[in-house]
Each structure stands twice: as structure tokens, then as C-alpha cells.
Amino acid sequence: MWNDNAPIYRQLKDKVVGMVLDGLLKPGDALPSVRQIAAEYQLNPITVSRAYQELVDETLVEKRRGIGMYVTDGARDKLLATERERFLREDWPVVLERIRRLGLDLESLLTPAAGGAA
């Protein structure tokens, strides 16, 4: 489940972010407890806490003392804006350069590949 390309806490944070973006976690939903995640994925609780703290710092999750962590209102919209901006800044230029290098045009990109599903 975990890869060596990024710290585990970052991968865990990204997993929660993905769940919010996919609508699996909605505003007001509780995140699993630090202990539960640590036990389920055999992680150090400090690693889980660090991932959760980053989510709190970004106001995507709020800590309710004694009862847990909850997804904040507007978390998905905030994430969509951030992720779209990051995609356009970091990923899109790489994709665009590859499109140019391969000599692809808009029509060929929008037409299903020969033999591919429509």
C-alpha cells in the first residue's frame, strides 16, 4: 500500500484528500481515529497524527476535543481549487509538452483510439 517515493504521513494525507475529492468523506464526517488507522495499517500513531495535523493546518479537518477529527464545510471546494491550480501549474505543462512532442492535435486527442472503447 505504501511506496518509498514519499513519506508515509504524506501518502496517508493524500489518501484522505482523495476520499474528500471523491465524495467518500463529506463535510461533518468523522475521520477514523488515530489509533484505529495506526492499528489497521500497522503505522506509528505519531505518523498518523502528523498526517491529520496537516489536514487540520490546512483547515480541511477540524479537531473536536475528546471526540475526534471531522471534515470541515467547504473542504472539497477548497481542495478542488488547490488541486486544479496545482495540476495547471505542475502537471499540465508536462502533458502539453508531450502532446506537442508526439505531434498530436485536438481532434486526435478527443477521438477514441483505434480499437479502444468509446
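Data block above holds the structure.
The shown structure was predicted, so the numbers you read here are calculated from the model rather than taken from an experiment.

Caption draft 1: Summary view of the overall build of the protein chain. The helix and strand tally for the protein chain stands at five helices and two strands. Here the C-alpha atoms of the protein chain give a radius of gyration of 19 Å, more than 25% beyond the 13 Å that 2.2 N^0.38 yields for 118 residues. Along the first, second and third principal axes, the C-alpha set of the protein chain runs to 55 × 30 × 30 Å. Sorting the 118 residues of the protein chain into buried and exposed places 24% on the buried side. Summed over all atoms, the accessible surface of the protein chain reaches about 8500 Å², with 53% contributed by carbon and sulfur. Within the protein chain, the 18 negative side-chain charges are centred at a point lying 4 Å from the centre of the 17 positive side-chain charges.

Caption draft 2: Summary view of the pairing of strand β1 (residues 61-64). Taken together, the four bridges between β1 and strand β2 (residues 68-71) define a ladder with antiparallel strand orientation. Paired with K63 across the bridge in β2 is M69. What sits between β1 and β2 in their antiparallel hairpin is a turn of three residues, with G66 showing a positive phi close to 85°.

Caption draft 3: The nonpolar core, seen in detail. L31, V48, Y52 and L55 are the most contacted members of the largest nonpolar core, which totals 21 residues. Broken down by secondary-structure element, the contributors of at least two residues to this core are α1 (8-21), α2 (34-41), α3 (45-57), β2 and α4 (75-102). Ignoring sequence-local partners within four residues, the contact set of L55 consists of K13, V16, V17, L31, L60 and V61.

Caption draft 4: Region of interest: the packing of α1 against α4. For the pair α1 and α4, interaxial distance at closest approach is 9 Å and the crossing angle is 110°. Our classification of the angle between α1 and α4 gives roughly perpendicular. On α4, the residues that touch V17, V20 and L21 of α1 are A75, R76, L79, L80 and E83. Of the residues belonging to the contact of α1 with α4, the class tally is six nonpolar, no polar and two charged.

About the thresholds
- Residues numbered from 1 in each chain as written.
- Predicted model: local features only at pLDDT ≥ 70, side-chain atom pairs only at ≥ 80, totals over all residues.
- Heavy atoms only, no water.
- Helix = DSSP H or I, 4+ residues; strand = E, 2+ residues; numbered from the N terminus.
- Rg over C-alpha atoms; globule rule 2.2 N^0.38 Å.
- Buried < 20%, exposed > 50% of the residue type's maximum accessible area, 1.4 Å probe, protein only.
- Areas by Shrake-Rupley, 256 points an atom, 1.4 Å probe, with all protein chains shown as cover.
- Lys, Arg positive; Asp, Glu negative; His and termini not counted.
- Charge placed at Lys NZ, Arg CZ, Asp CG, Glu CD.
- Pairing = 2+ DSSP bridges.
- Core = buried A, V, L, I, M, F, W, Y, C linked by side-chain atoms within 4.5 Å.
- Contact = heavy atoms within 4.5 Å.
- Axes fitted to C-alpha atoms, helices over the stretch in contact; angles between N-to-C directions.
- Parallel < 35°, antiparallel > 145°, perpendicular 65-115°, else oblique.
- Nonpolar A, V, L, I, M, F, W, Y, C, P; charged D, E, K, R; others polar.

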